[in-house]
Amino acid sequence: DKSKIIANKVDGLMQLEGSSPIFFISNKNRASTFQNSQSLPDRIARGRSVYMENCMACHQKDGRGIKGVFPPLAASDFLNKNKKRAISIVKNGIEGEIVVNGIAYNSTMAALKLSNEEIADVLTFLYNSWGNSKKTVRPAEVKSIISNY
């Protein structure tokens, strides 16, 4: 709803009422710079976008999931314990029981059709959000792990 957009398009940011600022790209040169940037803030912003498009429906906007149905990604012991496993799950999906923060979940997550860059960015976003471990994931790590995991 355009009426909820705050008229605040300053320095490449746009804020929707009640939400965090998001990037607003006004021309192709800025878009290209943003998409190729390896700065942590840009990678987190891209990862947030990937999350909102691919993960939010199940894991919810705040990463808390739905207890007993979809596990939380916020302050997640399962996510923070094993980066290789997290990369593999995003790439290949997972089926069967897992335990997250002491609660059993037994459902299926489909493989996501994301590029290595998108996987790296979404995991970097997750690790740097909601009380997680502040790790980063690089596309080269994703490529190496998915070919060997």
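Residues numbered from 1 in each chain as written. Predicted model: local features only at pLDDT ≥ 70, side-chain atom pairs only at ≥ 80, totals over all residues. Heavy atoms only, no water.

Undergrad: Report on the environment of Gln-60, specifying residues and quantitative values.
TA: For Gln-60, the location among the structural elements is in the loop between α3 (56–59) and α4 (77–81). Measuring from C-alpha to C-alpha, the distance between Gln-60 and Ala-74 comes to 10.0 Å, with 14 residues separating the pair along the chain. Contacts of Gln-60, omitting those with residues within four sequence positions, involve Tyr-51, Cys-55, Gly-65 and Ile-66. (Helix = DSSP H or I, 4+ residues; strand = E, 2+ residues; numbered from the N terminus. Contact = heavy atoms within 4.5 Å.)

Undergrad: Describe the confidence of the model for the chain, and please don't skip the residues or the numbers.
TA: Taken as a whole, the chain shows an average pLDDT of 82; of its residues, 75% reach a score of 70 or greater. Low confidence marks residues 1–34, where pLDDT is under 50. Its contacts with residues over four positions away, or in another chain, come to 40 contacts. (pLDDT = per-residue confidence, 0-100.)

Undergrad: Before we move on, could you go through the environment of Asn-128 and cite the residues and values that matter?
TA: Inspection of the secondary structure assignment puts Asn-128 in the loop between α6 (116–127) and α7 (139–148). Sequence separation between Asn-128 and Ile-44 is 84 residues; the distance between their C-alpha atoms is 7.6 Å. The contact partners of Asn-128, leaving out residues within four places of it in the chain, are Leu-40, Ile-44, Lys-134, Lys-135 and Thr-136.

Undergrad: Kindly report on the pairing of strand β4 (residues 103–109), identifying the contributing residues and their values.
TA: Sheet topology places strand β3 (residues 94–100) next to β4; seven bridges connect them, and they run antiparallel. Looking across to β4, one finds that Gly-96 is bridged to Ser-107. Between β3 and β4, which pair antiparallel and follow one another directly, the connecting turn spans two residues, one of which, Asn-101, has a positive phi of 50°. (Pairing = 2+ DSSP bridges.)

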